[in-house]
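Understanding the architecture of this molecule
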Amino acid sequence: VGKALAELKITDKMVVATKIRHMADGLTAGDADAIVQDSVTDSIRRLRLDALPICLFHLETNFLLYADSLLKMRDQGLVRHVGASVMTPEATKEILHSGLADALQIPTSILDRRFVRGGICSEAAERNTALFVRSVYLQGLLLMPEDEIPPRLAGVIPVRRALQSLAGEAGIGLAELAVRYVAGLPGVASLVLGVDSVDQMRENIELFSKGSLAPDLAAAVVDAVPDLPDSIVSPGKWSG
């Protein structure tokens, strides 16, 4: 990435977000400071930047334990904005209430509305905390062929069918419905979608350019999706 930014001369056109390496619990303040500083300076070197525009902890617990270490990097001008990648609405709420996070990466999708229901999106918008949304297609569960859905996740099938019906009535695809629904949530600054090819990148850009859903369609989406259990909306529990 650093080589591409430099050779294409697009550093000033891109906002790079990166992460601190995973950190164990129970570190001393000195050890945490050293790990964070080493991770930040290594990223700056690799990315060929003067400072990291956005730097997140990989884990919500890392932020709750070691936020001060990353804030020191911000105070030194090596990081401009700090935050965390999160997993649960409960810990995310605690991070938001701390007032220390500039950005959060959350898992949210048309199927997984835990963070919406928990008030995370609205509160982030009120606090001017940017939300980066990952798992927009719920690790592919939203778009995979129906006959490939594992039996333990079969509870998602009627919900998918209802959403496919809504998308068809609107004259759009299910992927577009999913992307534009999430893009319209309060506080959302960016969607984190995987890309396997140039064509897929172009398709993503086209979806982003269409903006959020019309209010009546977004409301219909909410009505069509019940509160699905964690065994479906949390990929970490799929193997259980």
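Here goes a summary of the coordinates provided. (Residues numbered from 1 in each chain as written. Predicted model: local features only at pLDDT ≥ 70, side-chain atom pairs only at ≥ 80, totals over all residues. Heavy atoms only, no water.)

1. Describing the sheet that holds strand β2 (residues 52-57)
Spatial ordering of the open sheet is given by β1-β2-β3-β4-β5-β6, a layout of six strands whose pairing is parallel. The outermost strands of the open sheet, each flanked by one partner alone, are β1 (17-19) and β6 (188-191). Neighbour to neighbour, the strand axes of the sheet diverge by 30° on average, direction disregarded. Seen against the sheet, helix α2 (residues 29-47) touches β1, β2 and β3 (79-85) and runs at an angle of roughly 140° to β2. (Pairing = 2+ DSSP bridges. Helix = DSSP H or I, 4+ residues; strand = E, 2+ residues; numbered from the N terminus. Axes fitted to C-alpha atoms, helices over the stretch in contact; angles between N-to-C directions. Contact = heavy atoms within 4.5 Å.)

2. Considering the packing of aromatic side chains
Enumeration over the complete set of coordinates arrives at one aromatic pair. Relative to Phe 63, the ring of Phe 57 has its centre 6.0 Å away and its plane inclined at 85°; by these criteria the two rings are edge-to-face. The same class applies to Phe 57 and to Phe 63, which are both buried. (Phe/Tyr/Trp six-rings, centres within 6.5 Å; stacked < 30°, edge-to-face > 60°. Buried < 20%, exposed > 50% of the residue type's maximum accessible area, 1.4 Å probe, protein only.)

3. Points about helix α4 (residues 89-98)
Of all the residues in α4, the buried ones are Pro 89, Ala 91, Thr 92, Ile 95 and Leu 96. Buried residues of α4, viewed axially, fall in a sector of 160°; they line one side. Looking one or two residues beyond α4, the residue adopting positive phi is Gly 99, at roughly 75°. (Arc of directions from axis to C-beta.)

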